[in-house]
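Commentary on secondary and tertiary structure
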Amino acid sequence: MELGDAATWAAALIAIGAAVWSWRSATAANRSAVADEQMLHHQRTPQFTALVEDMNGDSTGHGGTPRLMLQLVSPQAVDSVEVELVTPETVFPPSQNGVEPGAPRRIAVRTDDAGTPVPMAVGQEARWRIAFPAVDAGPKAIPPVDVVQLVVHAAKGKARWDVLVKAPVEARQKYQGPASSSRSSTAT
């Protein structure tokens, strides 16, 4: 039984080793490229500020019309913005621009007056009326929550982001009524 030429075996082993090394290098380079792409995507995540404004309310936070104000603060413009209310006590009124008839009233899109989605530049604001259905309307109405949470679905080209944003409720900040929790002390 003849095993062949030692030089042929050595060349075959070197070729196999080079192929394995090449495959491992390509895999590592691919992982690195994916990681770089994910990091760049994360760095480009839009940053927003939000506030539930108290339109036409008095100085104590009573009787206003709540309006969600969202502002893009960094790092770049986006092609589209959709807001999803995640605080259960809030909805968008059905007549609000950007709310599709028959769609869940928890989602609104930034649109122009014709209902066409529009881009948002850094520093620009979008506003939507919101409602607290469990609260009776009237001069003594106060929103039931201190903060409204929303998820902003933003897109630029093929990139998509879902950003959780907290919007303080201005009427609750102004409200100077009795403390919501009572304190009691007992002596033993």
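Above this note sits the structure.
Summary of the structure given here.

Cut-offs used in this document
All chains use their own residue numbering, which begins from 1 and follows the written sequence. Whole-chain, interface and lining totals are the exception, using all residues; otherwise, since this is a predicted model, local features are given only for residues with pLDDT of at least 70 and side-chain atom pairs are given and counted only at 80 or more. Heavy atoms from the whole structure form the basis of all side-chain values; hydrogens and water molecules are not counted. Residues enter a nonpolar core if they are buried and are Ala, Val, Leu, Ile, Met, Phe, Trp, Tyr or Cys, with the set joined through side-chain atoms within 4.5 Å. Accessibility here uses a 1.4 Å probe with only protein chains present; expressed as a share of the type maximum, an area under 20% marks a residue as buried, one over 50% as exposed, and anything in between as partly exposed. A run of H or I in DSSP counts as a helix once it spans at least four residues, and a run of E counts as a strand once it spans at least two, with each numbered from the N terminus. For this analysis, residues touch if any pair of their heavy atoms sits within 4.5 Å. Pairs of strands are assigned from DSSP output, requiring at least two bridges between the strands. Working convention: axes come from line fits to C-alpha atoms, limited for helices to the stretch in contact. Angles between N-to-C directions cover 0 to 180 degrees. Whenever Lys or Arg places a side-chain nitrogen within 4 Å of a carboxyl oxygen from Asp or Glu, that contact is recorded as a salt bridge.

**Describing the nonpolar core**
- Counting residues in each nonpolar core, the largest one holds 29 residues, and the members touching the most others are Phe-48, Leu-68, Leu-70, Phe-92 and Leu-150.
- Every element with two or more residues in this core is listed here: strand 1 (47-55), strand 2 (65-74), strand 3 (80-85), strand 5 (125-129), strand 6 (147-156) and strand 7 (159-168).
- Excluding residues within four positions of it along the chain, Leu-70 makes contact with Phe-48, Thr-49, Ala-50, Val-81, Val-83, Met-120, Gln-124, Glu-125, Ala-126, Trp-128, Leu-150 and Val-152.

**Brief notes about the sheet that holds strand 3**
- Pairing is antiparallel in the open sheet, where four strands are placed in the order 4-3-6-7. Across the chains shown, the open sheet's two edge strands, defined by having one partner strand only, are strand 4 (107-109) and strand 7. Here the average twist between neighbouring strands, direction ignored, is 20°.
- Inspection of the sheet shows strand 3 paired to strand 6 by six bridges, in the antiparallel sense. Note that in strand 6 the partner of Glu-82 across the bridge is His-153.

**Re the sheet that holds strand 5**
- Spatially, the three strands line up as an open sheet ordered 1-2-5, and their pairing is antiparallel. Either end of the sheet is taken by a strand with one partner, and the two such strands are strand 1 and strand 5. Taken over all neighbouring pairs, the strand axes of this sheet differ in orientation by 20° on average, direction set aside.
- Where strand 2 lies against strand 5, five bridges are found, and the strand directions are antiparallel. Following the sheet pairing, Arg-67 is matched in strand 5 by Arg-129.

**Details of the pattern of salt bridges**
- Counted under the stated rule, the structure contains three salt bridges.
- Residue Arg-67 is joined to Glu-53 by a salt bridge in which the shortest nitrogen-to-oxygen separation is 3.0 Å. In this pair, Arg-67 is assigned in strand 2 and Glu-53 in strand 1, connecting sequence segments 14 residues apart.
- Accessibility expressed as a relative area gives 24% for Arg-67, which makes it partly exposed.
- By relative accessible area, Glu-53 is classed as buried at 12%.
- Sharing partners across several salt bridges, the network here consists of Glu-53, Arg-67, Glu-125 and Arg-127.

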